[in-house]
Amino acid sequence: MKLLNYIMTIVCLVFVTEIPKNYLKKIDKEVLNTFEITSYKKEKVLLGQDVLDKLTDDFDPESLFKLISEDRHLGYFYFGKAPSKADEFDFVILLDPEMVIKKIKILAYREDYGGEISSKRWLRQFDGASTKSSLEYGSDIIGISGATISARSMTVAVNSVLLNISKLPEGQK
C-alpha cells in the first residue's frame, strides 16, 4: 500500500509540473488565502475513459486537481486558458468540495486592452456558481467596456468548466 501511495505521489507531481512554476506559486498563494490554511497538497483527479469521452474538447482533464490539507478534502482547482481578442489568458478556478466556485484568479493576461477582467471585483460575480449554474453574459455577468471579448470568453470558460465537472461521477467529485 505504501508503494502504491508513493507511486501515485510521483505521478501526481509529474502532472502538477505541467503548470508553469510561476503559476504554481500564484495558485498556492490563492489556495492558502482562500481556504485559510497553512499547507496543502494537490492530487490530480484521474478520470476513466468513459468519463473522458463525455467531456467537451475545451476542457483539459489534466488541469483538474483535488486539494487536501491534513487529510481533509478542501476542494479543487482547475487551471485553464481562454481566448482574448488576439491571444489567450490563463486562469485558475478554486472550488469547494461540492464544486461551488469560491474564487477565480486571472494568472496572466496578454493583451493591451481588456485587462479589467482581472479585477477581483469583476471576478467575484462568479463566486457561488455551481455545476447547476448556467451563467449568461449581460445578465448574470456584467460586461466591461473595452473588455467585451475577454469578459464573454471568461463567462464561456467558466460555464464549460462547470458543465464538464458536472459530468464527473459522484465518487470523483
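If you're wondering where the values come from, they're calculated on a predicted model, not measured in any experiment.

1. Overview of the nonpolar core
- Grouped together as the largest cluster of nonpolar side chains are 36 residues, with contacts concentrated most on Phe 91, Ile 101, Ile 117, Trp 122, Phe 126, Met 154 and Val 158.
- Taken together, the elements giving at least two residues each to this core come down to β3 (72-83), β4 (88-95), β5 (101-108), α4 (120-123) and α5 (148-166).
- Not counting the four nearest positions on each side in its chain, Met 154 is found in contact with Phe 89, Phe 91, Ile 104, Ile 106, Trp 122 and Phe 126.
- With 17 residues, the next largest nonpolar core counts Ile 19, Ile 27, Phe 65 and Phe 79 among its residues.

2. Quick notes on the pairing of β5
- Summarising the sheet, β4 and β5 pair through six bridges and their orientation is antiparallel. The residue bridging Ile 93 from the neighbouring strand is Ile 104, located in β5.

3. So, the packing of aromatic side chains
- Tallied over the entire structure, the rule returns six aromatic pairs.
- Each ring, one from Tyr 23 and one from Phe 79, has its centre 5.6 Å from the other, and the planes form 45°; the classification is tilted. Highlighted residues: Tyr 23 in helix α2 (residues 21-35) and Phe 79 in strand β3, separated in sequence by 56 residues. Considered together, Tyr 23 and Phe 79 belong to a single accessibility category, that of buried residues.
- Judged by centre distance (5.7 Å) and plane angle (40°), the ring pair of Phe 89 and Tyr 109 falls under tilted. Here the residue Phe 89 occupies a position in strand β4, and Tyr 109 occupies one in the loop between β5 and α4, the gap between them amounting to 20 residues.
- Given a relative accessible area of 0%, Phe 89 falls into the buried group.
- Judged by its relative accessible area of 19%, Tyr 109 falls in the buried class.

4. A short note on the side chain of Asn 159
- Along the chain, the position of Asn 159 falls in helix α5.
- Separated by 2.7 Å, the side chain of Asn 159 and the backbone oxygen of Leu 135 make a polar contact.
- Among all residues touching Asn 159, those that are not within four sequence positions of it are Ser 133, Ser 134 and Leu 135.

5. Regarding α2
- For α2, spanning 15 residues, the distance from its first C-alpha to its last is 21 Å, which sits close to the expected 21 Å at 1.5 Å a residue.
- Of all the residues in α2, the buried ones are Tyr 23, Leu 24, Ile 27, Glu 30, Val 31, Thr 34 and Phe 35. Seen along its axis, α2 keeps its buried residues to an arc of 125°; they face one direction. Facing away from the buried side of α2 by more than 90 degrees, the exposed set consists of Lys 21, Lys 25, Lys 29 and Asn 33.

6. Remarks on the pairing of strand β2 (residues 64-69)
- Of all the six residues making up β2, five are buried; the element is thus mostly covered by neighbouring parts of the structure.
- Two strands pair when backbone bridges link them, and strand β1 (residues 41-44) and β2 are joined in this way by four bridges, in the antiparallel orientation. Bridge pairing in β2 links Lys 44 to Phe 65.
- Two elements, β2 and β3, share six bridges in a ladder whose sense is antiparallel.

7. Here's the deal with the pattern of salt bridges
- Scanning all chains against the criterion turns up eight salt bridges.
- In this structure, Lys 42 and Asp 28 form a salt bridge, with 3.2 Å as the shortest nitrogen-oxygen distance. Of this pair, Lys 42 sits in strand β1 while Asp 28 sits in helix α2; the two residues are 14 residues apart in sequence, bridging distant segments of the chain.
- The shortest N-O distance in the salt bridge between Glu 88 and Lys 81 comes to 3.9 Å.

Conventions and cut-offs
- Residues numbered from 1 in each chain as written.
- Predicted model: local features only at pLDDT ≥ 70, side-chain atom pairs only at ≥ 80, totals over all residues.
- Heavy atoms only, no water.
- Core = buried A, V, L, I, M, F, W, Y, C linked by side-chain atoms within 4.5 Å.
- Buried < 20%, exposed > 50% of the residue type's maximum accessible area, 1.4 Å probe, protein only.
- Helix = DSSP H or I, 4+ residues; strand = E, 2+ residues; numbered from the N terminus.
- Contact = heavy atoms within 4.5 Å.
- Pairing = 2+ DSSP bridges.
- Phe/Tyr/Trp six-rings, centres within 6.5 Å; stacked < 30°, edge-to-face > 60°.
- Polar contact = N/O pair within 3.5 Å; in protein donor to acceptor, adjacent residues only side chain to side chain.
- Expected span 1.5 Å × (residues − 1).
- Arc of directions from axis to C-beta.
- Salt bridge = Lys/Arg side-chain N within 4 Å of Asp/Glu carboxyl O.

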